[in-house]
Number of protein chains: 2
Amino acid sequence: MTVGTELLLGDTIDTNAAHAGLVLAARGIRVARRATVGDRAEDIRDAVDQALARTGLVLVTGGLGPTRDDITRDVVATLLDCPLQFDESLWDALVARWAAVGRTISESNRSQAMVPAGATVLPNRRGSAPGLWIETARGLVILLPGVPIELETLLAEEVLPRLEERLGLRSIRSRVLRTSGIPESRLGELLGPLEESLAPVTLAYLPDQTGVDLRLTAWELEGSAADAALDQAETIVREAAGEWVYATGLRDLAEVVLAGLRERGMTLVTAESCTGGLVGARVTAIAGSSDVYLGGIVSYANEVKITQLGVHASLIVAHGAVSEPVVAAMARGAAERLGARVAIAVSGVAGPGGGTPEKPVGTVCFGWSIDGSVTTATAGFAGDREQVRIRSAQAALLGLHRRLTGR
Amino acid sequence: MTVGTELLLGDTIDTNAAHAGLVLAARGIRVARRATVGDRAEDIRDAVDQALARTGLVLVTGGLGPTRDDITRDVVATLLDCPLQFDESLWDALVARWAAVGRTISESNRSQAMVPAGATVLPNRRGSAPGLWIETARGLVILLPGVPIELETLLAEEVLPRLEERLGLRSIRSRVLRTSGIPESRLGELLGPLEESLAPVTLAYLPDQTGVDLRLTAWELEGSAADAALDQAETIVREAAGEWVYATGLRDLAEVVLAGLRERGMTLVTAESCTGGLVGARVTAIAGSSDVYLGGIVSYANEVKITQLGVHASLIVAHGAVSEPVVAAMARGAAERLGARVAIAVSGVAGPGGGTPEKPVGTVCFGWSIDGSVTTATAGFAGDREQVRIRSAQAALLGLHRRLTGR
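Residues numbered from 1 in each chain as written. Chains lettered and ligands numbered in written order. Predicted model: local features only at pLDDT ≥ 70, side-chain atom pairs only at ≥ 80, totals over all residues. Heavy atoms only, no water.

A. Representation of the nonpolar core in the model. In terms of nonpolar packing, the biggest core is built from 73 residues, with A:Leu400 and B:Leu400 touching the most fellow members. A per-element tally of this core places helix H15 (residues 385-404) of chain A first, with eight residues. Apart from the residues lying within four places of it in its own chain, the contact partners of B:Leu400 are B:Val257, B:Leu261, B:Leu268, B:Val342, B:Ile344, B:Trp368 and B:Ile370. Residues A:Ala340, B:Val326, B:Val327 and B:Val349 belong to the second largest nonpolar core, which totals 48 residues. (Core = buried A, V, L, I, M, F, W, Y, C linked by side-chain atoms within 4.5 Å. Buried < 20%, exposed > 50% of the residue type's maximum accessible area, 1.4 Å probe, protein only. Helix = DSSP H or I, 4+ residues; strand = E, 2+ residues; numbered from the N terminus. Contact = heavy atoms within 4.5 Å.)

B. Representation of the interface of chain A and chain B in the model. If you look at the interface, chain A gives 75 residues, while chain B gives 75 residues. Approximately 5800 Å² of surface area, both sides summed, lies buried where chain A meets chain B, with 53% of it carried by carbon and sulfur atoms. At the boundary of chain A with chain B, the tally comes to three salt bridges. Across the pair A:Arg34 and B:Asp14 runs a salt bridge, and its minimum N-O distance is 3.9 Å. (Buried area = accessible area lost by both parts, 1.4 Å probe. Salt bridge = Lys/Arg side-chain N within 4 Å of Asp/Glu carboxyl O.)

C. Summary view of helix H4 (residues 72-79) of chain A. Residues and elements named next belong to chain A. The buried count for H4 comes to six of eight residues, which makes it a mostly enclosed element. Those residues of H4 that sit buried are Thr72, Arg73, Val75, Val76, Ala77 and Leu79. Note on H4: the residue one or two positions beyond its end, aspartate 81, has a positive phi of about 60°.

D. Inspection of the sheet that holds strand S14 (residues 293-299) of chain B at higher detail. Here ten strands make up an open sheet; going across it, the order is S17(A)-S16(A)-S15(A)-S13(A)-S14(A)-S14(B)-S13(B)-S15(B)-S16(B)-S17(B) and the pairing mixed. Of all strands in the sheet, those bounded by a partner on one side alone are strand S17 (373-380) of chain A together with strand S17 (373-380) of chain B. Across this sheet, the average inter-strand angle for adjacent strands is 15°, counted without regard to direction. Here eight bridges tie strand S16 (residues 363-370) of chain A to S17(A), and the two strands are oriented antiparallel to one another. (Pairing = 2+ DSSP bridges. Axes fitted to C-alpha atoms, helices over the stretch in contact; angles between N-to-C directions.)

E. How the structure looks around helix H12 (residues 302-309) of chain B. Residues and elements named next belong to chain B. For H12, the full list of buried residues reads Val304, Lys305, Gln308 and Leu309. All buried residues of H12 project into a common sector of 105° when viewed along the axis, lining one side. Positive backbone phi, approximately 70°, marks glycine 310, located one or two places after H12. (Arc of directions from axis to C-beta.)

F. Representation of the sheet that holds strand S9 (residues 173-179) of chain A in the model. All names here are of chain A. Spatial strand order, S10-S11-S9-S12: four strands in an open sheet with antiparallel pairing. Taken across any chain shown, the strands that pair with only one partner, and hence form the sheet edges, are strand S10 (201-208) and strand S12 (245-248). On average, each strand axis in the sheet is inclined to that of its neighbour by 25°, with strand direction left out of account. Bridge count between S9 and S12: three bridges; the pairing is antiparallel. Within S12, the position partnered with arginine 178 by the bridge is alanine 247. Running over the sheet, helix H9 (residues 223-241) touches S9, S10, strand S11 (211-218) and S12 and is turned about 20° from S9.

G. Molecular detail of the packing of aromatic side chains. Across all of its chains, the model carries eight aromatic pairs over all chains by this definition. Taking 6.1 Å as the distance between ring centres and 50° as the angle between the ring planes, the aromatic pair formed by A:Phe86 and A:Trp91 counts as tilted. A relative accessible area of 10% means that A:Trp91 is categorised as buried. Ring geometry for A:Tyr293 and B:Tyr300: centres 5.8 Å apart, planes at 55°, overall tilted. With A:Tyr293 in strand S14 (residues 293-299) and B:Tyr300 in the loop between S14 and H12, this residue pair bridges two chains. Comparing A:Tyr293 with B:Tyr300, the two get one shared label, buried. Its guanidinium or amino end placed over the ring of B:Trp98, B:Arg103 lies 5.1 Å from that ring's centre, counting from NZ or CZ. Here the guanidinium or amino end of B:Arg110 rests over the ring plane of B:Trp91, the centre of that ring lying 5.1 Å away. (Phe/Tyr/Trp six-rings, centres within 6.5 Å; stacked < 30°, edge-to-face > 60°. Lys NZ or Arg CZ within 6 Å of the ring centre and 35° of its normal.)

H. Fine view of empty space enclosed by the protein. Going through the model one piece at a time under the given rule, you end up with three cavities of 30 Å³ or more. By volume, the largest cavity is sized at about 60 Å³. Lining the largest cavity are A:Asp14, A:Arg34, A:Ala35, A:Thr36, B:Asp14, B:Ala17, B:Arg34, B:Ala35 and B:Thr36. For the lining of the largest cavity, the elements supplying multiple residues, two or more each, are strand S2 (33-37) of chain A together with strand S2 (34-37) of chain B. As for the second largest cavity, its lining consists of B:Ser180, B:Glu243, B:Trp244, B:Val245, B:Tyr246, B:Leu398, B:His401, B:Arg402 and B:Arg407. When contributions to the lining of the second largest cavity are tallied by element, the ones reaching two or more residues are strand S12 (245-248) and helix H15 (385-404) of chain B. Here the lining of the second largest cavity gets three residues from one element, more than from any other, and that element is H15(B). A class-by-class count of the residues in the lining of the second largest cavity yields four nonpolar, two polar and three charged. Counting the residues that make up the lining of the second largest cavity, at least three belong to each of domain 2 (173-248) and domain 3 (253-405) of chain B. (1 Å grid on protein atoms, 1.4 Å probe; cavity = no way out; pocket = protein on both sides within 12 Å on 5 of 7 lines; lining within 4 Å. Points joined across faces, edges and corners; volume = space filled by probe spheres on them. Nonpolar A, V, L, I, M, F, W, Y, C, P; charged D, E, K, R; others polar. Domains from an automatic or database assignment.)

I. Seen up close, unusual backbone geometry. Cis geometry marks the peptide bond from A:Ala199 to A:Pro200; its omega dihedral reads 5°. With respect to the helices and strands, A:Pro200 occurs in the loop between helix H8 (195-198) and S10. Although it is not a glycine, A:Asp81 adopts a positive phi angle of roughly 60°. By the element assignment, A:Asp81 lies in the loop between H4 and strand S4 (84-86). Despite not being glycine, B:Asp371 has its phi angle at roughly 50°, a positive value. By the secondary structure assignment, B:Asp371 is in the loop between strand S16 (363-370) and S17. On the basis of relative accessibility, which here comes to 45%, the residue B:Asp371 falls in the partly exposed class.

J. Up close: the packing of helix H7 (residues 184-191) of chain B against helix H9 (residues 223-241) of chain B. Residues and elements named next belong to chain B. Interaxial distance between H7 and H9 falls to 9 Å at its minimum, and their mutual angle equals 115°. Here H7 runs over H9; the crossing is right-handed. For the pair H7 and H9, contact is made by Leu187, Leu190 and Leu191 and by Val237, Ala240 and Ala241, respectively. Each residue belonging to the contact of H7 with H9 can be placed in one class, and the counts come to six nonpolar, no polar and no charged. (Left-handed = near helix turned anticlockwise from the far one by under 90°.)

K. Just the side chain of B:Thr136, in detail. All names here are of chain B. Turning to its location among the elements, threonine 136 is positioned in strand S7 (residues 131-136). Of note is the side chain of threonine 136, whose polar atom sits 3.1 Å from the backbone nitrogen of arginine 138. Not counting residues up to four positions away in its chain, the partners in contact with threonine 136 are Leu80 and Cys82. (Polar contact = N/O pair within 3.5 Å; in protein donor to acceptor, adjacent residues only side chain to side chain.)

L. The arrangement of the environment of B:Val279 in detail. Residue and element names in this part refer to chain B. Within the fold, valine 279 resides in helix H11 (residues 278-284). With 90 residues separating them along the chain, valine 279 and glutamate 189 place their C-alpha atoms 31 Å apart. Once residues lying within four places of it in the same chain are set aside, the contact partners of valine 279 are Thr270, Glu272, Ile344, Val346, Ala393, Ala396 and Leu397.

M. Highlighting the pairing of strand S9 (residues 173-179) of chain B. Residues and elements named next belong to chain B. The element S9 is largely enclosed, with a buried count of five among its seven residues. In this structure, S9 lies alongside strand S11 (residues 211-218), joined through seven bridges in antiparallel fashion. The residue of S11 that forms the bridge with serine 174 is threonine 217.

If you want it as structure tokens, here you go:
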């Protein structure tokens, strides 16, 4: 549970919930539900009450600070019938903490030294509000501060070790296979019939702008048994859809392409029109890309295609700037002029304007030059300008990946 | 309510919830509680059931796709006792959508044309899963897809107008002043003392990677009275911090810069090293940029700086690739070789490697050439590789904006 009106208003994005979800899942704790409430006593009380009834274990972050809107501790103490008591040693620690930075603690902080009867204090070395571990007949309530760095540190150092011991836990293993160039629905057709055969491993589809991640999770297994089950599941998935899988684990396609080029001792350049530098930006986002990627030409205006890439004006007149002959010439020109073995070229109609009956918005041509041999392709992308550009950059990298790996 | 096991596992950060919170709050709708559940029928049913009992109005995102784990539509239809019916016109629209990009829709997408009896279909022009508006005796349930761009578009274009009518809301007027190049704390020092004088208009600081948005909100006022109050507040804010305000409303800095160049009849080119194409990508993200932006050179390797931009090797040897003399030469070379009146050049140490005591990670040099006169600057950015690159692209555009406007 995350507490804070700013979360409901959307002024703050709830990264704590995601972080807690990640580290809890890794320890084998399945989060049944997540809730966010504002800084209102009745809302906090109801939500904690319902969560306890549901699972008997609730983690609450936020509302432990010294200001008037920090009421989580009081509300939970009342709900669980554990009256707050002043904790001398906690107060001394707070006083010392402030003294260490040459300040005198204000009385308003005394509230932070109030501890529900029977609760365990989880020391917070990153901030002033400690975590609280409250075990009652109704179940376990863990209160943690909402400041991300304090939450993360307390979770790792104080909460997870205690939870593992208390619940006798083991971690859940999962594996992600990244796909691109195939719609989620087609993947569903290929893999849906096989999902039963993956058991006890489950398959989840996580689509985004550039592809669909397939997450395999071995819920019931541990250690090597989990790895074996995941290996078997990965084999089944790859047999059915392997041609679309470009990576295992959360690697960016640009990183995969760079690794493939590095292996082959190849250098890369780009020639971009409608993507305007997006492909270069994707590639250079990867640390260490400079040993493979030399640079590129953003040839947005036809004049630049002609002067900087040596595309013949007649080619543009005859076929249009968005055509396979032109992207082929762009790729060849970039490879020759910048002196690279591999070049990617992109030219398309990103929209909203510029579409024609023959070449509607979303029409994008790609050229790939590998050691002088050039291949081209044309795609039609749905979506607005931003989507067309993002998908074009992905398709440009994917096309090179498929050509390098012979798919 | 957001639906998706990946959200509970923390694989995906729930930005949809924050976005929905923002736009609903702006319309004066208080979100009482937020919940996230996994792709499990009983969890989804219980959460929707409880939310309906609590407020009678629940917005659900996620789980509307074509695969087996997309069960939100079915679960809600059952809960509300509105049996699913095949919607011919919706199916035809889906078929057309796929045909438009030269693909044949697969039968597995038929599930996306199933609509709960009595529900209103909210057309999704950004994706295949439509939104659903389901009004029953128990209250109103709105189902929207989980893909952020689809959710955001449907909320703005279909849901909020209907909600305003249905709930008889008067929209709360607010205005955003975008700033860049000044930290939130400094803005707070400049504007904090003035906040009282803005009443009844309130001021919120919304910082992000590229600057701080100042949101002025006229809570209690309507129509022209609200506009007058906002005008007055904007005047006060601009008197104190006007030099840092680059736009009114959510316009991208690249759009502002392009408009400024267009007014002056100027053309723009880019020469990028550490940003690798990000500046060009920012500029070309704006529809209609082609009348101002000609293109650019991504000179990631020094060899490309020399051959494509005419930077003298001796300059790089003497000062290093990350130096003001080199970015000056890059800007001059780009303007001359690509034939533009204005050029932006960027070269820096994005990290994680490449830092030195004299030029630590985050050191970035900028060059701006305007009608042949070149100015340069050097900045030091905190953050990781991605942050340094994003901030560099923003600073490159901001520097040009300030030079064009004489600030």
